[in-house]
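# Summary of the model geometry
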Amino acid sequence: MLILICKNNKVRLIYQDANSSAIKAEKSKTNPYKIRIFPMNGIKPVVMQPIIFALIKERKDPPDRRTVFSPTKLREVQELFPEAKFLVESSAIRAFPDVAYKNAEFTVSEDVTAAEVLIGVKEVPIDFLISGKKYFFFSHTIKKQEYNRELLQAVLFKNIELYDHEVITDQNGNRLIGFGRYAGLVGAYNGIRAWGERHKSWFLPPASTLSGLKAMKAKLDEINLPNIKICLTGGGRVAGGAKEILDYLKIRQVYVDDFLNMEFDEPVYCKIDVLDYNKRIDGEPATQKEFFRDPTTFESNFMRFAKVTQFLITGHFYGDGAPQFLTQEDARNPDFKIEVVADISCDLNGPIASTIRTSTLEDPFYGYDPKTQKETNFDAPGAITVMAVDNLPCALPMDASEGFGDMFLNHVMPAFFNDDKDGILERARMTKNGQLTDRFKYLQEFVEGKE
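Computed from a prediction, not measured in an experiment: that's the story for all the values here.

## Focus: the overall build of the chain
- Counting its secondary structure elements, the chain contains 15 helices and 21 strands.
- When each of the 451 residues of the chain is scored for burial, the buried share is 54%.
- Here the contacts in the chain between residues at least 6 apart in sequence split such that 67% fall between residues at least 24 apart.
- Entry remark: accessible area of the chain is about 21,300 Å², with carbon and sulfur atoms responsible for 49%.

## Considering the sheet that holds strand S6 (residues 107-109)
- Read from one edge to the other, the open sheet built from six strands follows the order S6-S5-S4-S7-S8-S9, with strand pairing classed as parallel. The sheet terminates laterally at S6 and strand S9 (161-164), the two strands that pair on one side only. Across the sheet, the mean angle separating the axes of adjacent strands is 25° when strand polarity is ignored.
- When strand S4 (residues 51-55) meets strand S7 (residues 117-119), the two strands line up parallel, connected through three bridges. Within S7, the position partnered with Leu-55 by the bridge is Ile-119.

## Let's talk about helix H2 (residues 71-80)
- Within H2, seven of the ten residues are buried, which leaves the element mostly enclosed by the surrounding structure.
- Residues Pro-71, Lys-73, Leu-74, Arg-75, Val-77, Gln-78 and Leu-80 constitute the buried set of H2.
- Looking at the buried residues of H2, the elements they touch are strand S5 (84-89), helix H3 (98-103) and helix H13 (397-411).

## A look at the environment of Arg-59
- In this structure, Arg-59 sits in the loop between S4 and H2.
- C-alpha of Arg-59 to C-alpha of Lys-122: the two residues are 63 residues apart in sequence and 8.1 Å apart in space.
- Once you skip the residues sitting within four places of it in the chain, Arg-59 turns out to touch Glu-89, Pro-125 and Phe-128.
- Here the side chain of Arg-59 touches Glu-89 through a polar contact of 2.5 Å, side chain to side chain.

## Quick notes on the environment of Asp-273
- Here Asp-273 is to be found in the loop between strand S12 (268-272) and helix H9 (274-277).
- On the basis of relative accessibility, which here comes to 27%, the residue Asp-273 falls in the partly exposed class.
- Setting aside residues no more than four positions away along its own chain, Asp-273 makes contact with Gly-234, Gly-235 and Gln-288.

## Looking at the nonpolar core
- Counting residues in each nonpolar core, the largest one holds 107 residues, and the members touching the most others are Phe-53, Phe-136, Met-216, Ile-313, Phe-408, Met-413 and Phe-416.
- Non-local contacts of Phe-416, meaning those with residues more than four positions away in its chain, are made with Ile-51, Phe-53, Val-117, Phe-136 and Leu-425.
- The next biggest cluster of nonpolar side chains, apart from the first, holds 33 residues, and it includes Phe-305, Val-341, Tyr-366 and Val-386.

Here is what the cut-offs are and how they apply
Residues numbered from 1 in each chain as written. Predicted model: local features only at pLDDT ≥ 70, side-chain atom pairs only at ≥ 80, totals over all residues. Heavy atoms only, no water. Helix = DSSP H or I, 4+ residues; strand = E, 2+ residues; numbered from the N terminus. Buried < 20%, exposed > 50% of the residue type's maximum accessible area, 1.4 Å probe, protein only. Contact = heavy atoms within 4.5 Å. Areas by Shrake-Rupley, 256 points an atom, 1.4 Å probe, with all protein chains shown as cover. Pairing = 2+ DSSP bridges. Axes fitted to C-alpha atoms, helices over the stretch in contact; angles between N-to-C directions. Polar contact = N/O pair within 3.5 Å; in protein donor to acceptor, adjacent residues only side chain to side chain. Core = buried A, V, L, I, M, F, W, Y, C linked by side-chain atoms within 4.5 Å.

In structure tokens form, the structure reads like this:
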């Protein structure tokens, strides 16, 4: 018999096998496809070729164990999109072993050149880029990062279509996928670790040595925070992840005015956004829209928080031209009270003067001496203890991969099979036919080495 699998009134696949995964998925009510069965009557069906995707090995140093799809998530993707075929590049470092993908009935191989679309997490080393393919990964080029200029040049030279995870957005420019929640979770946990070690109160294990998020949270059950004030900046996924940790610890959230003016007999936190720690230079009332349109007309108003905060967690986005809100002068102010900064945002030469370098998961803490403006021991008297790890989600590779896979499945995979009706792929595509696409033409002089 002839089996037509249809979606959006379009024939997508033609099968002869009634035991296909699409049929099984339909029977299990997990598949949105309509299935129609017709007698063959001697007619030979034409079988459309599937899109072949490859889950690629992470090769950047230091090693990154994350992946876009776990074995169980990839099986879910396969059942939802039977038109797709998936290859898995063998990897000895991936959080999920090769055998787990094999057990989920995927082909694991050293050779994935048959794939049309290759999906990874971090930058692919130039020597491993395959000409003429479509790639998804974080390229770290959209802000003209000098260290990846040659990578973008190679992508263009090899006629690769590059889709950057960072610019997968909705029609309003809101990011749809990322690891921000996990950066916030691990960053807040590391900040609490730092507080305990600075004060010799507790010594929590690194998150990377634990089995996952559940185990990390369980370790927090063993501590009791003193009556301190914690300030959390930001309003996105990163800040949301950090807030999740504070809420797990049952730390009470308080209003800005109460945080600034009241004393408490318990630890409390306040979550602040750009208009809480910035104000218009001319003193007039401001809106967030005005700030994001032209932050140069604003100045920092953060010192009022620094006078009452002992523990700062940063989860904000810092844009070009925005005011520096914790300056060297602020840190030397006699009224400055911040002892620990968990700088999850980790912008070097950015808004936080004490962040003078990034740190690592293996050695996450260092001290900043406000008097000398130089690094010192993280627990030195008078120092600000800094946590500035820039790859925090790597500490929870399995949880982070599962979360990222959910977002990629929900927002990106449908675009391959619905003619990209929402423009997801079009907006994220940085290069095509050896040229920058229109949205990314601003990178042309950067590519040419002129800036």
